[in-house]
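Coordinate analysis (summary)
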Amino acid sequence: TGIASHDSSMFQYFGRLMNHGYVPYVDMFDHKGPLLFFINALGHLSFHGFEFLWFIEILSIFVTLMFSYFSARFFTNPGAAGIGIIVTSVIYANTLMGGNYSEEYALPLISISLFLVSRFFIKKDARIYVPFLFGLTGVLVIFLRANMIILWGIGTVAVIGYLIVSK
């Protein structure tokens, strides 16, 4: 019903083309990662005329705020963490105006990874699935947009450095 911004309209267009059998990077090209096109293809699958890209966006923001809250609780009390998340949600609402940005889909992965790194350093949690999830979220962000992976570079070096020093 509205005119999407330049990037969003391209992502939605590529998603719709994928739903019609076109192959990304063969039949159409953009410098963003393939996961962004798959998200838009999934969001534009029609179930009785109901497209749910907006639902994926809401879920993305919800997961971001939830893991941001969990991370904030490591550093402060639950009340202050909750107030911080409320302020953050207002900032997200203004920053992501229009929606369907690659950053919007990377934020949940970044917040999950930040939570995992924080939990490693604060609670000394080194369960076997933690590095797997940390790596998986990093790979998914690379497949969204490769220039947003600094957390994984710094986090990996920090954990390796900590483990070497602790030995």
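Everything below is about the structure shown above.
Residues numbered from 1 in each chain as written. Predicted model: local features only at pLDDT ≥ 70, side-chain atom pairs only at ≥ 80, totals over all residues. Heavy atoms only, no water.

1. Some details on the packing of aromatic side chains
According to the stated counting rule, one finds twelve aromatic pairs in the structure shown. Ring centres of phenylalanine 74 and phenylalanine 115 lie 5.5 Å apart, and the angle between their planes is 15°; this geometry places the pair in the stacked category. Within this pair, whereas phenylalanine 74 is found in helix α3 (residues 53-75), its partner phenylalanine 115 is found in helix α5 (residues 102-123), the two being separated by 41 residues in sequence. This pair shows no difference in class: phenylalanine 74 is buried, exactly as phenylalanine 115 is. An aromatic cluster is present here, built from Phe67, Tyr69, Phe70, Phe74 and Phe115 joined pairwise through their rings. (Phe/Tyr/Trp six-rings, centres within 6.5 Å; stacked < 30°, edge-to-face > 60°. Helix = DSSP H or I, 4+ residues; strand = E, 2+ residues; numbered from the N terminus. Buried < 20%, exposed > 50% of the residue type's maximum accessible area, 1.4 Å probe, protein only.)

2. Some details on helix α7 (residues 150-166)
Note on helix geometry: an α-helix contains 3.6 residues per turn, so any two residues three or four positions apart are oriented the same way. With 17 residues, α7 extends 24 Å from end C-alpha to end C-alpha; this agrees with the ideal 24 Å at 1.5 Å per step. Where α7 is concerned, the buried positions are Leu151, Trp152 and Gly155. Looking down the long axis of α7, one finds its buried residues gathered within 90° of arc, a one-sided arrangement. Seen from the buried face of α7, the exposed residues on the opposite side, beyond 90 degrees, are Ile150, Ile154, Val157, Ile164 and Val165. Buried-residue contacts for α7 involve α5 and α6 (129-144). (Expected span 1.5 Å × (residues − 1). Arc of directions from axis to C-beta. Contact = heavy atoms within 4.5 Å.)

3. Some details on helix α4 (residues 78-95)
Taking 1.5 Å per residue, 18 residues should reach 26 Å; α4 reaches 25 Å between its end C-alpha atoms and fits that length. Ala81, Ile85 and Tyr92 are the residues of α4 that are buried. For α4, the arc enclosing every buried residue in end-on projection is 40°, short of the 170-degree limit, so these residues lie on one face. Away from its buried face, by an angle of more than 90 degrees, α4 presents the exposed residues Ile83, Ile86 and Asn94. Lining the buried residues of α4 we find α3 and α5. Capping the start of α4, asparagine 77 holds a side-chain oxygen 3.2 Å from the backbone nitrogen of glycine 79, two or three residues further along. (Polar contact = N/O pair within 3.5 Å; in protein donor to acceptor, adjacent residues only side chain to side chain.)

4. Thoughts on the nonpolar core
By size, the foremost hydrophobic cluster in this structure holds 29 residues, and its most contacted members are Ile39, Tyr105, Leu116, Val141 and Leu144. It is α5 that provides the largest number of residues to this core, a total of seven residues. Not counting residues within four places of it along the chain, the set of residues in contact with tyrosine 105 comprises Leu36, Ile39, Leu53, Ile56, Glu57, Ser60, Asn100 and Leu144. (Core = buried A, V, L, I, M, F, W, Y, C linked by side-chain atoms within 4.5 Å.)

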